[in-house]
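Each chain, written out:
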Amino acid sequence: MRRAAVIGCGDVSSVHFGALKGMDVELVGVSDTDAGRLRAATDAHGVPGYVDYRELLEAQRPDVVHICTPHDQHAAMAIEALDRGINVIVEKPLAHTLEEGRRLVEAARRSDAKLGVCFQNRYNATSRALRSLLDGGTLGAVRGASATVMWHRTADYYRDRPWRGTWAEGGGGLMMNQAIHTVDLLQWLVGEVESVSGSASNRSLGGVIEVEDTAEFAATHAGGAASVFYATLANAENAPITLDVVTEKASLSLRGDLTITHADGTVEVVREAAGDAGGRDYWGASHGLLIADFYATLDDPEPFWIDALEAEKSLRIVKGIYSQSAFDPALTA
(Lines give C-alpha, C1' and ligand atoms only; values in the text may rest on other atoms or scores of the structure.)
Protein backbone atom coordinates (compact mmCIF):
# COMPACT_ATOMS: atom_id res chain seq x y z
CA MET A 1 0.00 0.00 0.00
CA ARG A 2 1.30 3.43 -0.95
CA ARG A 3 1.73 6.04 1.76
CA ALA A 4 0.59 9.60 1.00
CA ALA A 5 0.85 13.03 2.61
CA VAL A 6 -0.89 16.33 1.79
CA ILE A 7 0.82 19.71 2.08
CA GLY A 8 -1.63 22.59 2.14
CA CYS A 9 -5.06 21.94 3.70
CA GLY A 10 -6.98 24.77 2.03
CA ASP A 11 -9.79 24.69 -0.49
CA VAL A 12 -8.46 22.43 -3.22
CA SER A 13 -7.07 19.85 -0.79
CA SER A 14 -10.63 18.55 -0.42
CA VAL A 15 -10.53 16.85 -3.82
CA HIS A 16 -7.20 15.22 -2.98
CA PHE A 17 -8.46 13.92 0.37
CA GLY A 18 -11.61 12.70 -1.35
CA ALA A 19 -9.69 10.88 -4.05
CA LEU A 20 -7.39 9.17 -1.56
CA LYS A 21 -10.34 7.83 0.45
CA GLY A 22 -11.44 5.78 -2.54
CA MET A 23 -8.01 4.28 -3.19
CA ASP A 24 -5.75 1.65 -1.64
CA VAL A 25 -3.57 4.41 -0.19
CA GLU A 26 -2.72 5.24 3.43
CA LEU A 27 -2.78 8.92 4.38
CA VAL A 28 0.09 9.33 6.88
CA GLY A 29 0.28 13.07 7.52
CA VAL A 30 -0.72 16.61 6.60
CA SER A 31 0.97 20.00 6.75
CA ASP A 32 -0.21 23.60 6.82
CA THR A 33 1.15 26.83 8.29
CA ASP A 34 -2.37 27.93 9.28
CA ALA A 35 -3.16 26.46 12.71
CA GLY A 36 -6.91 26.34 12.11
CA ARG A 37 -6.70 24.53 8.78
CA LEU A 38 -4.08 22.14 10.15
CA ARG A 39 -6.21 21.27 13.18
CA ALA A 40 -9.28 20.73 11.01
CA ALA A 41 -7.35 18.37 8.72
CA THR A 42 -5.81 16.33 11.52
CA ASP A 43 -9.19 15.99 13.25
CA ALA A 44 -10.95 15.02 10.01
CA HIS A 45 -8.42 12.45 8.89
CA GLY A 46 -6.87 11.22 12.13
CA VAL A 47 -3.26 11.70 11.06
CA PRO A 48 -0.32 13.69 12.44
CA GLY A 49 -0.07 17.35 11.46
CA TYR A 50 3.04 19.44 10.85
CA VAL A 51 3.53 23.17 10.49
CA ASP A 52 6.86 22.60 8.70
CA TYR A 53 6.42 20.42 5.63
CA ARG A 54 10.05 19.29 5.84
CA GLU A 55 9.32 17.73 9.22
CA LEU A 56 6.44 15.87 7.62
CA LEU A 57 8.66 14.53 4.83
CA GLU A 58 11.36 13.48 7.29
CA ALA A 59 9.09 11.93 9.92
CA GLN A 60 6.63 10.12 7.66
CA ARG A 61 8.70 9.48 4.51
CA PRO A 62 5.61 9.15 2.27
CA ASP A 63 5.70 7.53 -1.15
CA VAL A 64 3.67 10.40 -2.62
CA VAL A 65 3.17 13.98 -1.50
CA HIS A 66 0.26 16.12 -2.71
CA ILE A 67 1.11 19.84 -2.89
CA CYS A 68 -2.00 22.04 -2.56
CA THR A 69 -0.40 25.30 -1.46
CA PRO A 70 -0.30 28.84 -2.90
CA HIS A 71 1.53 29.01 -6.22
CA ASP A 72 4.80 30.50 -4.97
CA GLN A 73 5.39 27.42 -2.80
CA HIS A 74 4.90 24.80 -5.50
CA ALA A 75 8.40 24.60 -6.92
CA ALA A 76 10.40 24.69 -3.67
CA MET A 77 8.25 22.04 -2.01
CA ALA A 78 8.19 19.79 -5.06
CA ILE A 79 11.96 20.04 -5.49
CA GLU A 80 12.50 19.17 -1.82
CA ALA A 81 10.33 16.08 -2.20
CA LEU A 82 11.84 14.97 -5.51
CA ASP A 83 15.36 15.33 -4.14
CA ARG A 84 14.32 12.98 -1.32
CA GLY A 85 13.00 10.45 -3.85
CA ILE A 86 9.35 11.19 -3.03
CA ASN A 87 6.81 11.23 -5.86
CA VAL A 88 4.86 14.48 -6.23
CA ILE A 89 1.38 15.50 -7.33
CA VAL A 90 1.27 19.30 -7.49
CA GLU A 91 -1.68 21.55 -8.19
CA LYS A 92 -1.51 23.92 -11.15
CA PRO A 93 0.36 26.02 -12.12
CA LEU A 94 3.76 24.34 -12.26
CA ALA A 95 5.29 27.38 -10.53
CA HIS A 96 4.62 31.08 -10.05
CA THR A 97 7.58 32.19 -12.23
CA LEU A 98 9.33 30.82 -15.29
CA GLU A 99 12.61 30.61 -13.37
CA GLU A 100 11.03 28.49 -10.64
CA GLY A 101 9.31 26.38 -13.27
CA ARG A 102 12.64 25.69 -14.95
CA ARG A 103 14.18 24.72 -11.58
CA LEU A 104 11.39 22.23 -11.08
CA VAL A 105 11.81 20.82 -14.58
CA GLU A 106 15.49 20.20 -13.85
CA ALA A 107 14.75 18.65 -10.45
CA ALA A 108 12.25 16.27 -12.02
CA ARG A 109 14.78 15.35 -14.70
CA ARG A 110 17.47 14.37 -12.19
CA SER A 111 15.14 12.56 -9.77
CA ASP A 112 14.09 8.93 -9.89
CA ALA A 113 10.75 10.00 -8.43
CA LYS A 114 7.78 11.07 -10.55
CA LEU A 115 5.95 14.36 -10.77
CA GLY A 116 2.41 14.95 -11.98
CA VAL A 117 0.64 18.30 -12.38
CA CYS A 118 -3.12 18.67 -11.87
CA PHE A 119 -4.47 19.60 -15.26
CA GLN A 120 -7.38 17.31 -14.54
CA ASN A 121 -9.63 18.57 -17.33
CA ARG A 122 -7.59 16.48 -19.75
CA TYR A 123 -9.30 13.51 -18.09
CA ASN A 124 -12.82 14.73 -18.85
CA ALA A 125 -14.68 12.30 -21.09
CA THR A 126 -15.37 15.09 -23.57
CA SER A 127 -11.75 16.28 -23.67
CA ARG A 128 -10.53 12.75 -24.30
CA ALA A 129 -13.14 12.23 -27.03
CA LEU A 130 -12.17 15.51 -28.69
CA ARG A 131 -8.49 14.63 -28.62
CA SER A 132 -9.21 11.15 -30.03
CA LEU A 133 -11.27 12.58 -32.88
CA LEU A 134 -8.56 15.08 -33.80
CA ASP A 135 -5.82 12.43 -33.61
CA GLY A 136 -7.86 10.00 -35.70
CA GLY A 137 -7.52 12.16 -38.81
CA THR A 138 -11.00 11.50 -40.19
CA LEU A 139 -12.05 15.10 -39.57
CA GLY A 140 -9.13 16.54 -41.51
CA ALA A 141 -6.56 19.06 -40.39
CA VAL A 142 -7.36 21.53 -37.63
CA ARG A 143 -7.87 25.02 -39.04
CA GLY A 144 -8.41 26.96 -35.84
CA ALA A 145 -10.00 27.18 -32.42
CA SER A 146 -11.50 29.58 -29.92
CA ALA A 147 -12.00 29.44 -26.16
CA THR A 148 -13.63 31.52 -23.46
CA VAL A 149 -13.63 31.59 -19.68
CA MET A 150 -16.39 33.95 -18.52
CA TRP A 151 -16.41 33.78 -14.74
CA HIS A 152 -17.14 35.96 -11.73
CA ARG A 153 -15.03 36.69 -8.65
CA THR A 154 -15.73 39.17 -5.88
CA ALA A 155 -13.47 41.29 -3.74
CA ASP A 156 -14.25 38.97 -0.83
CA TYR A 157 -12.84 36.03 -2.76
CA TYR A 158 -9.45 37.77 -2.72
CA ARG A 159 -9.77 39.13 0.82
CA ASP A 160 -10.35 35.57 2.01
CA ARG A 161 -7.06 34.40 0.45
CA PRO A 162 -4.97 37.54 -0.20
CA TRP A 163 -2.20 35.61 -2.00
CA ARG A 164 -4.54 35.07 -4.95
CA GLY A 165 -4.35 38.75 -5.92
CA THR A 166 -0.57 39.20 -5.85
CA TRP A 167 2.34 38.74 -8.22
CA ALA A 168 4.68 37.63 -5.44
CA GLU A 169 2.57 34.69 -4.27
CA GLY A 170 0.08 34.02 -7.05
CA GLY A 171 2.38 34.79 -9.96
CA GLY A 172 -0.61 36.29 -11.73
CA GLY A 173 -4.38 36.42 -11.47
CA LEU A 174 -7.10 35.11 -13.75
CA MET A 175 -4.72 33.42 -16.18
CA MET A 176 -2.69 31.63 -13.49
CA ASN A 177 -5.50 30.72 -11.12
CA GLN A 178 -8.59 30.09 -13.25
CA ALA A 179 -8.03 30.18 -17.01
CA ILE A 180 -4.77 28.20 -17.14
CA HIS A 181 -6.79 24.97 -17.29
CA THR A 182 -8.41 26.11 -20.54
CA VAL A 183 -5.08 27.40 -21.87
CA ASP A 184 -3.70 23.92 -21.22
CA LEU A 185 -6.59 22.22 -23.01
CA LEU A 186 -6.26 24.56 -25.98
CA GLN A 187 -2.58 23.84 -26.53
CA TRP A 188 -2.99 20.11 -25.81
CA LEU A 189 -5.85 19.72 -28.30
CA VAL A 190 -4.81 22.08 -31.08
CA GLY A 191 -1.01 21.82 -30.85
CA GLU A 192 1.86 23.47 -29.04
CA VAL A 193 1.79 27.25 -29.23
CA GLU A 194 4.62 28.66 -31.34
CA SER A 195 3.71 32.34 -30.97
CA VAL A 196 1.24 34.34 -28.92
CA SER A 197 0.05 37.95 -29.05
CA GLY A 198 -2.15 39.17 -26.24
CA SER A 199 -2.73 41.36 -23.22
CA ALA A 200 -3.84 41.17 -19.62
CA SER A 201 -5.51 43.93 -17.63
CA ASN A 202 -7.57 44.74 -14.58
CA ARG A 203 -11.12 45.68 -15.60
CA SER A 204 -13.27 45.22 -12.51
CA LEU A 205 -11.12 44.55 -9.44
CA GLY A 206 -8.84 47.58 -9.47
CA GLY A 207 -7.81 48.52 -5.97
CA VAL A 208 -8.57 44.99 -4.78
CA ILE A 209 -5.90 42.98 -6.61
CA GLU A 210 -2.65 43.94 -8.31
CA VAL A 211 -2.93 41.19 -10.94
CA GLU A 212 -5.21 40.82 -13.96
CA ASP A 213 -8.89 39.92 -14.00
CA THR A 214 -9.24 39.96 -17.82
CA ALA A 215 -7.03 38.69 -20.66
CA GLU A 216 -7.10 37.85 -24.35
CA PHE A 217 -4.70 36.43 -26.91
CA ALA A 218 -4.28 35.10 -30.42
CA ALA A 219 -1.93 32.17 -30.93
CA THR A 220 -0.32 30.22 -33.75
CA HIS A 221 0.08 26.50 -33.16
CA ALA A 222 2.48 23.93 -34.51
CA GLY A 223 0.97 22.69 -37.75
CA GLY A 224 -0.39 26.10 -38.69
CA ALA A 225 -3.68 26.27 -36.81
CA ALA A 226 -4.63 29.59 -35.20
CA SER A 227 -6.64 30.16 -32.04
CA VAL A 228 -8.18 33.03 -30.10
CA PHE A 229 -8.86 33.18 -26.37
CA TYR A 230 -10.80 35.49 -24.06
CA ALA A 231 -11.19 35.27 -20.31
CA THR A 232 -12.57 37.53 -17.59
CA LEU A 233 -13.67 37.51 -13.96
CA ALA A 234 -15.98 40.47 -14.61
CA ASN A 235 -18.85 38.34 -15.90
CA ALA A 236 -22.12 38.28 -13.92
CA GLU A 237 -21.85 34.53 -13.30
CA ASN A 238 -19.59 31.53 -13.74
CA ALA A 239 -20.68 30.68 -17.28
CA PRO A 240 -19.72 27.35 -18.88
CA ILE A 241 -16.26 27.30 -20.40
CA THR A 242 -16.35 27.12 -24.19
CA LEU A 243 -13.81 25.57 -26.53
CA ASP A 244 -14.59 25.34 -30.25
CA VAL A 245 -12.38 23.64 -32.82
CA VAL A 246 -12.83 23.92 -36.60
CA THR A 247 -11.36 21.25 -38.84
CA GLU A 248 -11.54 20.68 -42.59
CA LYS A 249 -14.57 18.41 -42.21
CA ALA A 250 -16.31 19.34 -38.96
CA SER A 251 -16.91 21.82 -36.18
CA LEU A 252 -16.48 20.60 -32.62
CA SER A 253 -18.01 22.52 -29.72
CA LEU A 254 -17.13 21.81 -26.10
CA ARG A 255 -19.65 23.31 -23.66
CA GLY A 256 -19.94 20.76 -20.92
CA ASP A 257 -20.91 18.13 -23.47
CA LEU A 258 -19.11 17.83 -26.81
CA THR A 259 -21.09 18.44 -30.00
CA ILE A 260 -19.60 17.39 -33.34
CA THR A 261 -21.22 18.88 -36.43
CA HIS A 262 -19.97 17.21 -39.61
CA ALA A 263 -19.80 18.92 -42.98
CA ASP A 264 -22.73 16.81 -44.23
CA GLY A 265 -24.92 18.08 -41.39
CA THR A 266 -24.66 14.98 -39.21
CA VAL A 267 -24.47 15.82 -35.52
CA GLU A 268 -23.00 13.69 -32.74
CA VAL A 269 -22.97 14.42 -29.00
CA VAL A 270 -20.56 13.07 -26.40
CA ARG A 271 -21.88 13.54 -22.87
CA GLU A 272 -19.60 14.55 -20.04
CA ALA A 273 -19.55 11.98 -17.28
CA ALA A 274 -21.40 13.01 -14.14
CA GLY A 275 -19.62 12.69 -10.84
CA ASP A 276 -18.94 14.24 -7.48
CA ALA A 277 -15.65 16.14 -7.75
CA GLY A 278 -15.47 16.60 -3.98
CA GLY A 279 -15.01 20.31 -4.53
CA ARG A 280 -16.54 23.20 -6.39
CA ASP A 281 -18.39 22.54 -9.65
CA TYR A 282 -16.09 24.71 -11.74
CA TRP A 283 -13.05 22.62 -10.74
CA GLY A 284 -14.44 19.80 -12.87
CA ALA A 285 -15.00 16.19 -11.88
CA SER A 286 -11.77 14.57 -13.01
CA HIS A 287 -9.29 15.24 -10.19
CA GLY A 288 -9.87 11.73 -8.90
CA LEU A 289 -9.20 10.19 -12.31
CA LEU A 290 -5.86 12.00 -12.63
CA ILE A 291 -4.79 11.10 -9.09
CA ALA A 292 -5.74 7.44 -9.52
CA ASP A 293 -3.88 7.30 -12.84
CA PHE A 294 -0.77 8.83 -11.26
CA TYR A 295 -0.68 6.15 -8.57
CA ALA A 296 -1.41 3.40 -11.10
CA THR A 297 1.60 4.41 -13.22
CA LEU A 298 4.15 4.92 -10.42
CA ASP A 299 5.99 1.74 -11.33
CA ASP A 300 6.13 2.53 -15.05
CA PRO A 301 9.60 3.53 -16.25
CA GLU A 302 8.50 6.59 -18.22
CA PRO A 303 7.48 9.95 -16.66
CA PHE A 304 3.86 10.69 -15.89
CA TRP A 305 2.27 12.08 -19.04
CA ILE A 306 1.38 15.46 -17.46
CA ASP A 307 4.82 16.12 -16.02
CA ALA A 308 6.89 19.26 -15.44
CA LEU A 309 7.82 19.68 -19.09
CA GLU A 310 4.19 19.32 -20.14
CA ALA A 311 2.94 21.77 -17.51
CA GLU A 312 5.62 24.29 -18.41
CA LYS A 313 3.91 24.84 -21.78
CA SER A 314 0.86 26.61 -20.34
CA LEU A 315 3.05 28.57 -17.90
CA ARG A 316 5.07 29.93 -20.82
CA ILE A 317 1.92 30.96 -22.68
CA VAL A 318 0.56 32.84 -19.66
CA LYS A 319 3.86 34.54 -18.92
CA GLY A 320 4.17 35.45 -22.60
CA ILE A 321 0.88 37.33 -22.34
CA TYR A 322 2.03 39.10 -19.19
CA SER A 323 5.26 40.17 -20.88
CA GLN A 324 3.21 42.02 -23.51
CA SER A 325 0.99 43.75 -20.94
CA ALA A 326 1.24 46.92 -18.91
CA PHE A 327 2.67 45.33 -15.79
CA ASP A 328 6.12 45.58 -14.24
CA PRO A 329 8.31 43.03 -16.13
CA ALA A 330 10.17 42.23 -12.90
CA LEU A 331 6.92 40.97 -11.39
CA THR A 332 5.50 39.04 -14.33
CA ALA A 333 8.56 36.96 -15.36
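Everything that follows concerns the structure shown earlier in this document.
In this text the structure is predicted, and so the values were computed from the model without any measurement.

(A) Here's a closer look at the sheet that holds strand E9 (residues 214–221). Strand order in the open sheet made by the 8 strands is E8-E9-E10-E7-E11-E12-E13-E14, with mixed pairing throughout. In this open sheet, the two edge strands, each paired with only one partner strand, are strand E8 (193–201) and strand E14 (267–270). Strand-to-strand, the axes of this sheet are offset by a mean angle of 10 degrees, without reference to chain direction. Examined bridge by bridge, E9 and strand E10 (residues 226–232) share 7 bridges and lie antiparallel to one another. Each bridged residue has a counterpart across the sheet, and for Ala218 the counterpart in E10 is Val228. Lying over the sheet, helix H10 (residues 180–190) contacts strand E7 (142–150), E8, E9, E10 and strand E11 (242–247), oriented at roughly 170 degrees with respect to E7.

(B) Structural detail: the sheet that holds strand E3 (residues 49–50). Taken in spatial order, the 6 strands of this open sheet run E3-E2-E1-E4-E5-E6, and their pairing is parallel. Whereas interior strands pair on both sides, the edge strands pair on one side only; in this sheet they are E3 and strand E6 (115–118). Relative to E3, strand E2 (residues 25–31) is paired through 2 bridges, and the arrangement is parallel. Across the sheet, the residue bridging to Ser31 is Tyr50, located in E3. Contacts between helix H4 (residues 74–83) and the sheet are confined to strand E1 (2–7), strand E4 (64–67), strand E5 (87–91) and E6, with E5 contributing the most and set at about 170 degrees to the helix.

Conventions we followed
- Residues numbered from 1 in each chain as written.
- Predicted model: local features only at pLDDT ≥ 70, side-chain atom pairs only at ≥ 80, totals over all residues.
- Heavy atoms only, no water.
- Pairing = 2+ DSSP bridges.
- Helix = DSSP H or I, 4+ residues; strand = E, 2+ residues; numbered from the N terminus.
- Axes fitted to C-alpha atoms, helices over the stretch in contact; angles between N-to-C directions.
- Contact = heavy atoms within 4.5 Å.

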